[in-house]
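The primary structure of each chain is shown beneath.
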Amino acid sequence: MASEDLELAEACGAGKNWKKRCEFLAPLDNLLWDRNLIRMIFDFDYKWEIYTPVEKRKYGHYVLPILYGDRLIGRIEAPYDRKEKQLNVKNIWYEPGVRKTAEMQRALNGAVERLAEFNRGEVSGFTFPPP
């Protein structure tokens, strides 16, 4: 952390003006490098299954962890179809004990929209079930 960010870090630690947000983590994000540490800190078991044979996959080919607030709440499989310019949300798996709220739903919808925008596409007619 840069020393000029100390004030921001202290404000975050104090919970001042902190609003939960939702982000999808890339499989090679350095936060995910140490699987044992992620399991210990977040009680979240993650494995990028892109090289796992189909019959041995637990979730899917390219599944992203979902970070909401300070918790890893689940996984999303949302491949992007370059030809159709569509982000296709195939599945979402929530971690045990995750309580779905309207606020979380809005944050998740926003993250899906940002992922589609990042890929210069649109979300295919997928709608999330209400919490």
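Just so you know, these numbers come straight off a predicted model, no measurement behind them.

Details of the overall build of the protein
Part 1 of the argument: Helices and strands together make up the secondary structure of the protein, namely three helices and seven strands.
Part 2 of the argument: For the protein, the succession of helices and strands along the chain, N to C, is α-β-α-β-β-β-β-β-α-β.
Part 3 of the argument: In terms of principal-axis extent, the alpha carbons of the protein reach across some 45 × 30 × 30 Å.
Part 4 of the argument: Evaluated residue by residue, the protein yields a buried proportion of 33% over its 131 residues.
Part 5 of the argument: Across the protein, the fraction of contacts at a sequence separation of at least 24, relative to all contacts at a separation of at least 6, is 47%.
Part 6 of the argument: Carbon and sulfur atoms provide 51% of the accessible area of the protein, an area that totals close to 9400 Å².

What about the packing of aromatic side chains?
Part 1 of the argument: With the rule as written, the count across this model stands at four aromatic pairs.
Part 2 of the argument: Note on Trp48 and Tyr51: the rings are 5.8 Å apart at their centroids and 75° apart in plane angle, and the pair reads as edge-to-face.
Part 3 of the argument: A relative accessible area of 23% places Trp48 in the partly exposed class.
Part 4 of the argument: Ring-pair connections join several aromatic residues into one group, and the members of that group are Trp48, Tyr51 and Tyr62.

Quick look at the pattern of salt bridges
Part 1 of the argument: Inspection of the entire model under this criterion finds four salt bridges.
Part 2 of the argument: A salt bridge links Arg114 to Glu23; its shortest N-O distance comes to 3.2 Å. Here Glu23 lies in strand 1 (residues 22-24) and Arg114 lies in helix 3 (residues 102-118), a separation of 91 residues in the sequence.
Part 3 of the argument: With a relative accessible area of 39%, Arg114 lands in the partly exposed category.
Part 4 of the argument: Glu23 gets classed as partly exposed once you look at its relative accessible area, which sits at 25%.

Quick look at the nonpolar core
Part 1 of the argument: Within the largest apolar cluster, 20 residues are counted, with the highest numbers of intra-cluster contacts made by Cys22, Phe24, Ile66, Ile76, Leu87 and Val112.
Part 2 of the argument: Elements supplying a minimum of two residues to this core: strand 1, strand 2 (63-68), strand 3 (71-77) and helix 3.
Part 3 of the argument: With seven residues, helix 3 is the single largest residue contributor to this core.
Part 4 of the argument: Apart from residues no more than four positions distant in its own chain, Ile76 is found in contact with Phe24, Tyr62, Val63, Leu64, Ile66, Val89, Asn91, Ile92 and Val112.
Part 5 of the argument: Counting residues in hydrophobic clusters, the runner-up holds six residues, among them Leu32, Ile38, Phe44 and Leu72.

About the thresholds
- Residues numbered from 1 in each chain as written.
- Predicted model: local features only at pLDDT ≥ 70, side-chain atom pairs only at ≥ 80, totals over all residues.
- Heavy atoms only, no water.
- Helix = DSSP H or I, 4+ residues; strand = E, 2+ residues; numbered from the N terminus.
- Buried < 20%, exposed > 50% of the residue type's maximum accessible area, 1.4 Å probe, protein only.
- Contact = heavy atoms within 4.5 Å.
- Areas by Shrake-Rupley, 256 points an atom, 1.4 Å probe, with all protein chains shown as cover.
- Phe/Tyr/Trp six-rings, centres within 6.5 Å; stacked < 30°, edge-to-face > 60°.
- Salt bridge = Lys/Arg side-chain N within 4 Å of Asp/Glu carboxyl O.
- Core = buried A, V, L, I, M, F, W, Y, C linked by side-chain atoms within 4.5 Å.

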